[in-house]
Amino acid sequence: MTYSFNTLSSSPADDTALFLRDQKQVKTALECISKFSSSSGLMLNLRKCEILFIHDSIDLFVESIPVKDSVKYLGIHISKNKHTREQLNFMAKINKTKKIFNNWLQRDLTLFGRVLLSKAEGLSRFVYPALSLYVSDKTSKEINKTFLDFIWKNKPCKLKKDIISGKRVDGGLEMLDFFDINNTFKLNWLRNCQRNENSLWLFIPQSIFNKLGGLSFILRCNYLPGKLPVILSKFHQQMLLAWKIGFHHNFSPHKMLLWNNCLITSRNKSLFLQKWFEKKIFFVMDLFDENGNVLSYEDFMFIYNFPIPFKEFQQVVKAIPNGLKHLMKSHLTFGSNERKLPELIIDGIKIFSHSCKNKNIRLIFQSKHKISPRGKFFWNAQIDDIRWKETWLNPNKFCMLNKVKELHFKILHKIYPCKALLSKFMDIDSKCIFCNVHEEDLAHLFYNCDVSLKFWSDVSFFLFAPRKVNYKLSLKDVICSFTLRSKMFEYVVNFYILHVKYYIQKQKFAKCIPKCSLFLIEMESLKKSLKLVKNKKN
């Protein structure tokens, strides 16, 4: 066995003393491990056990236990170095996910398929480490960027992340944002910690939270994780911050809590005094009289009947901002003095109830950054009275190719690559591929062009002539959806409209004029194939 020192000592005798002392500590640690394994009924193989460096200035090699910088336990890399821990647990998985996504990009997948794969092949790889580790914002952004690059084929994003992560009924693709997923995991950890207060596995965090009044009380406070008067790990700080994002404290002077309050600080730290808490002094109002004046030291001890140092009382009183004192005075003079702890409810959901699922929690975070698609404003300016819920969900009623659904999605979001759009980014002729006269925008290509109008007129005659109805499909019917009292006929017409738009797109890239006779032949072949499909939508 070799032994080296990184620090200078006065004599070799001192080196020997240090060596014997550290060797004795290691021996004591091994004896504790042996006693624990025998008392708990566990058999530890010391030759296969691994420990981290305990002291940076001593290079100690033990024959029975190898000493390493990082160890892997149950699939999680444990290291005292934050950068190393993040590299091993997340960056390696990100690089592996990118390689898998690049293999999938060799196939002709639709937006819907790539979003599905981003969940199955991408997000599923990061769930396990995110459940038990702190995830930095840089890592979360890198994971989201990996998903978005795959969804848009490593090209610039055509829609904002908040739009495609929204619900389908709002024009989204229900892509999972990793920020929302990580916050959901952290909030779910809080729920488990609250439900299993006496669990052995939660003994350490519960002992930390008890120093601040317990987890249930902390969540009711207007705290900031960095200002709490205890040292918290990054994981616990992120967990409390996730709750802070979801839970909004409605400001009210008579309900403002005195402890763990980021507005009431001393030396840039929130206050919490265990003796005061045990006397049920929770609110800022408890330090004021009926006229809104701050209680004197003598009056305070007389009312609550427990001795405290004057210096401690002054520390609490001085921590209250002057603006809050004036607000309390005016409120107590003209308002009520009801004291009540806030309920732990987020958006009307009791977060600690068993009926609250992960999906409900994720939707809480997702609703915080909900925005409307720009395509919605574009079509509202051209078409009146659009029923957007039915318009977004129209293709989901049918058993059809995802390419047909993707076309409908791109048209509504105004991201379809027509010539009018492409001419803004490259030097190309913007004239229509069919008439070669007018500019080829979305409305012109799929409806207003003379060739397209003739085609829609033939399709309308085919659909409505057997019912002896003289009706021509309008721009609203084509772009959005066709509505009628007869739901069965409405279903058939919308099915044809979606496939007509897809047929026009195929003829555009084939540089051929769309003809109704050829389209009806394709539809007959489609009908025959659909009869063989065992799907309820048929």
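Quantities reported herein were computed from a predicted structural model and do not represent experimental measurements. By convention here, each chain's residues receive numbers from 1 onward along its written sequence. Only residues with pLDDT of 70 or above have their local features reported here, since the model is predicted, and side-chain atom pairs are shown and tallied only from 80 upward, although totals for entire chains, interfaces and linings are computed over all residues. Each side-chain value is derived from all of the structure's non-hydrogen atoms; neither hydrogens nor water enter the calculation.

Another aspect to go through is the packing of aromatic side chains. Working definition: a ring pair exists when centres of Phe, Tyr or Trp rings (six-membered ring for Trp) sit within 6.5 Å. Plane angles under 30 degrees give stacked, over 60 give edge-to-face, the rest tilted. Scanning the entire structure with this criterion turns up 36 aromatic pairs. Centre to centre, the rings of phenylalanine 398 and tyrosine 491 are 4.6 Å apart; their planes meet at 50 degrees, and the pair counts as tilted. Separated by 93 residues along the polypeptide, phenylalanine 398 in the loop between helix H16 (388–393) and helix H17 (402–413) and tyrosine 491 in helix H22 (residues 487–510) bring together distant segments of the chain. Classification of phenylalanine 398 as buried rests on a relative accessible area of 1%. Secondary structure is summarised from DSSP: a helix means a run of H or I of at least four residues, a strand means a run of E of at least two, and numbering begins at the N terminus for each. The cut-offs for exposure are 20% and 50% of the maximum accessible area for each residue type, with area from a 1.4 Å probe on protein chains only; residues under the lower value are buried, those over the upper are exposed, and the others partly exposed.

Before going further, it helps to examine helix H7 (residues 203–210). If you check which residues of H7 are buried, you get Pro205, Gln206, Ile208 and Phe209. Considered in projection along H7, the buried side chains sweep an arc of 160 degrees and stay on one side of the axis. Turned more than 90 degrees from where H7 packs its buried face, Phe203 and Ile204 sit exposed. Think of the arc as the fan of directions from the helix axis to the C-beta atoms.

Moving on: the pairing of strand S6 (residues 76–79). Sheet analysis places strand S5 (residues 70–73) next to S6, joined by four bridges and oriented antiparallel. Its bridge partner lying in S6, serine 70 is registered against serine 79. Here a strand pair is declared whenever DSSP counts at least two bridges between the two strands. Linkage of S5 to S6, two consecutive antiparallel strands, is achieved through a turn of two residues, within which leucine 74 is found at a positive phi near 55 degrees.

What follows deals with the packing of helix H3 (residues 111–132) against helix H6 (residues 178–195). Running from amino to carboxyl end, H3 crosses H6 at an angle of 35 degrees, the nearest separation of the two axes being 10 Å. The way H3 lies across H6 gives a crossing that is right-handed. Across the interface between the two elements, Leu123, Phe126, Val127, Ala130 and Leu131 from H3 touch Phe178, Ile181, Asn182, Phe185, Lys186 and Trp189 from H6. Three residue categories are used. Nonpolar comprises Ala, Val, Leu, Ile, Met, Phe, Trp, Tyr, Cys and Pro, charged comprises Asp, Glu, Lys and Arg, and polar comprises the others, including Gly. Partitioning the contact of H3 with H6 into residue classes produces nine nonpolar, one polar and one charged. Angles run from 0 to 180 degrees between N-to-C directions of axes, and those axes are lines fitted to C-alpha atoms, restricted for helices to the stretch in contact. Each helix crossing is assigned a hand: it is left-handed if the near helix lies turned anticlockwise from the far helix by less than a right angle, otherwise right-handed if that turn is clockwise. Here, two residues are considered to be in contact whenever any of their heavy atoms come within 4.5 Å of each other.

Here, nonpolar core refers to any group of buried Ala, Val, Leu, Ile, Met, Phe, Trp, Tyr and Cys residues whose side-chain atoms link them within 4.5 Å. In this structure, Trp243, Trp276, Val284 and Phe300 are the most contacted members of the largest nonpolar core, which totals 60 residues. For this core, the leading source of residues is helix H9 (residues 234–246), giving five residues. Setting aside anything within four residues of it in sequence, one finds phenylalanine 300 in contact with Trp276, Ile281, Leu287, Leu295, Asn305, Phe306, Ile308 and Phe313. Counting residues in hydrophobic clusters, the runner-up holds 47 residues, among them Trp379, Tyr416, Trp456 and Phe495.

It is worth spelling out the packing of H22 against helix H23 (residues 516–530) at this point. Contact geometry for H22 and H23: axes closest at 11 Å, N-to-C directions at 125 degrees. It follows from the interaxial angle that H22 and H23 lie oblique. In the packing of H22 onto H23, the handedness of the crossing is right-handed. Facing Phe495, Tyr496, His499, Val500, Tyr503 and Lys506 of H22, the residues of H23 in contact are Leu518, Phe519, Leu520, Glu522, Met523, Leu526, Lys527 and Leu530. Geometric relationships in this document are graded by angle, where less than 35 degrees denotes roughly parallel, more than 145 denotes roughly antiparallel, 65 to 115 denotes roughly perpendicular, and other angles denote oblique.

Right, let's talk about the environment of aspartate 289 for a bit. Note on placement: aspartate 289 falls in the loop between helix H10 (274–278) and helix H11 (297–304). Its relative accessible area of 26% is what places aspartate 289 among the partly exposed residues. On a C-alpha basis, the gap between aspartate 289 and leucine 332 in space is 8.5 Å, while along the polypeptide they are 43 residues apart. Look past the residues within four positions of aspartate 289 in its chain and what remains in contact with it is Leu295 and Leu332. Pairing of N or O atoms within 3.5 Å defines a polar contact, subject to two protein rules: one partner must be a possible hydrogen donor and the other a possible acceptor, and residues neighboring in sequence count only if both atoms are side-chain atoms. Side-chain polar atoms of aspartate 289 contact the backbone nitrogen of asparagine 291, separated by 3.1 Å. Polar contacts involving the side chain of aspartate 289 include one to the main-chain amide nitrogen of glycine 292, which spans 3.0 Å.

Residues of the chain with pLDDT of at least 70 account for 86%, and the chain-wide mean is 84. This model gives residues 1–21 a pLDDT under 50, and the stretch forms 18 contacts once residues within four places in sequence are excluded. This model gives residues 53–63 a pLDDT under 50, and the stretch forms 21 contacts once residues within four places in sequence are excluded. For every residue, the predictor reports its confidence as pLDDT, a number between 0 and 100.

Moving on, we get to the pattern of salt bridges. Between side chains of opposite charge, a pair can form as their charged atoms come close. Any Lys or Arg side-chain nitrogen found within 4 Å of a carboxyl oxygen on Asp or Glu counts as a salt bridge. In total, this model carries 14 salt bridges according to the counting rule given. Two residues, glutamate 390 and arginine 387, come together in a salt bridge whose shortest N-O distance is 3.0 Å. On the accessibility criterion, glutamate 390 (29% relative accessible area) is partly exposed. The exposure class of arginine 387 is partly exposed, given its relative accessible area of 45%. Of the charged contacts, one joins lysine 410 and glutamate 406 as a salt bridge, the two residues approaching to 3.9 Å between their closest N and O atoms. One end of the pair, lysine 410, and the other, glutamate 406, are both in helix H17, four residues apart, so they sit about a helical turn from each other. Judged by its relative accessible area of 11%, glutamate 406 falls in the buried class. Three or more residues joined by partner-sharing salt bridges are found here, namely Lys161, Asp162 and Asp177.

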